[in-house]
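# Per-entry structural report
Residue strings, one per chain:
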Amino acid sequence: MRAVMQTRIPLTVVAATIAASISMPAQADIQSRPTISVTGEATISAPPDLARIEAGVTTDAKTARDAASANNDAMGKVLLALKSAGLSDKDYQTSRLSLQPQYANQNRPGPNVLSGYRASNQVTIKLRDVSKIAGVIDAVTAAGANDIGGINFMVSNASKLLDDARAEAVTDARRKAEIYAKAAGVTLGAPISISEHGAAVPIMYRRAAAPMAAETPIAPGEETLRVTVGISWEIKAAP
């Protein structure tokens, strides 16, 4: 008696096949509609109200212990200067800590010669008042910071500003679409698709050099937030 083989098709596959056969005509109908597709843009400028500073201390010594000890002492003075400047403990934190051997330069082949050790300690400082940037840089420099990485300016309410820019970008896209529609002798129908091009950044950063001279001059300037959207409208014959 021979065994009878049966082929079973999973119910999920059948359901997916039916759904695809139903949706394909609808998708084809949408793609076949006459449309006008344009890109709308909008920019909003705002003065930065936050800043981040990278400040640190780098120390060289003959032994690892001496390098680490001297570096810890120097960084302690920098942290004390930050506290004296009125910064909260939550507004600065260690972002880099390292202790590495240093080797003497040799012009002849052979094994490297250990010349000492370099200890580095860096903190990231968050300033909620950009008018204090120059004073903080001068304070940490005077306290012994010899590694100022730069300044990052930020806009704290960038998300709200970007939402305003999105609305303006849609208005700009419609203005362009209406120009094309009028020139082509048609009218705009309902929008078929709306998409944002690229990534709208919620917080804008701008890095600036941080010189270590006394009474450091800082010019925050303005940040420009940009949004680009692509919109397709169905078009109809003009009445």
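This is a predicted model, so every value here is computed, not measured.

## Looking at helix H4 (residues 158-184)
Taking 1.5 Å as the rise per residue, H4 with 27 residues should run 39 Å; its terminal C-alpha atoms sit 38 Å apart, in good agreement. Residues of H4 that are buried include every one of Ala158, Leu161, Leu162, Ala165, Ala169, Asp172, Ala173, Ala177 and Ala181, and no others. On its buried face, H4 sits against strand S1 (35-46), strand S6 (186-197) and strand S8 (223-237). Gly185 sits one or two positions beyond H4 and adopts a positive phi of about 75°.

## Points about the pattern of salt bridges
If you walk through the whole model with that rule in mind, you get ten salt bridges. Asp147 is the salt-bridge partner of Arg96, the closest N and O atoms lying 3.0 Å from each other. One end of the pair, Arg96, is in strand S3 (residues 92-104); the other, Asp147, is in strand S5 (residues 147-154), and 51 residues separate them in sequence. You can call Arg96 partly exposed: its relative accessible area is 36%. Close ionic contact of Asp172 with Arg175 constitutes a salt bridge, the shortest N to O distance being 2.8 Å. In this pair, Asp172 and Arg175 both sit in helix H4, three residues apart, roughly one turn of the helix. Linked through salt bridges whose partners overlap, the residues forming this network are Asp163, Arg166 and Glu196.

## Examining the pairing of S5
Here S5 lies mainly inside the structure; six of its eight residues are buried. In this structure, strand S2 (residues 50-61) lies alongside S5, joined through seven bridges in antiparallel fashion. Note on S5: the bridge partner recorded for Arg52 is Asn152.

## Side note on the sheet that holds S8
In spatial order, the strands read S1-S8-S6; together these three strands make up an open sheet with antiparallel pairing. Of all the strands in the sheet, just S1 and S6 have a single pairing partner and so form its edges. Between one strand and the next, the sheet's axes are offset by a mean angle of 30°, whatever the strand orientation. Direction of pairing for S6 relative to S8: antiparallel, over a ladder of nine bridges. The residue of S8 that forms the bridge with Ser193 is Ser232. Each of S1, S6 and S8 touches H4; the most contacted strand, S1, lies at about 145° to it.

## Some details on the nonpolar core
Nonpolar side chains in soluble globular proteins generally cluster together in the buried interior. Ile53, Leu82, Ile125, Leu127, Ile133, Val136 and Val140 are the most contacted members of the largest nonpolar core, which has 24 residues in total. Setting aside residues up to four positions removed in sequence, Ile53 forms contacts with Val123, Thr124, Ile125, Leu127, Ile133, Val136, Ile137, Gly150 and Ile151. Counting residues in each nonpolar core, the second largest holds 22 residues, with Leu161, Ala165, Ala173 and Leu188 among its members.

## A closer look at the side chain of Asn121
By the secondary structure assignment, Asn121 is in strand S4 (residues 113-127). The contact partners of Asn121, leaving out residues within four places of it in the chain, are Ala55, Gly56, Val57, Asn71, Met75, Thr94, Arg96 and Leu97.

## Remarks on the pairing of S2
In terms of burial, S2 is largely enclosed, as nine of its twelve residues are buried. As judged from the eleven bridges shared by S2 and S4, these two strands associate in the antiparallel manner. Paired with Thr59 across the bridge in S4 is Ala119.

Criteria and cut-off values
- Residues numbered from 1 in each chain as written.
- Predicted model: local features only at pLDDT ≥ 70, side-chain atom pairs only at ≥ 80, totals over all residues.
- Heavy atoms only, no water.
- Helix = DSSP H or I, 4+ residues; strand = E, 2+ residues; numbered from the N terminus.
- Expected span 1.5 Å × (residues − 1).
- Buried < 20%, exposed > 50% of the residue type's maximum accessible area, 1.4 Å probe, protein only.
- Contact = heavy atoms within 4.5 Å.
- Salt bridge = Lys/Arg side-chain N within 4 Å of Asp/Glu carboxyl O.
- Pairing = 2+ DSSP bridges.
- Axes fitted to C-alpha atoms, helices over the stretch in contact; angles between N-to-C directions.
- Core = buried A, V, L, I, M, F, W, Y, C linked by side-chain atoms within 4.5 Å.

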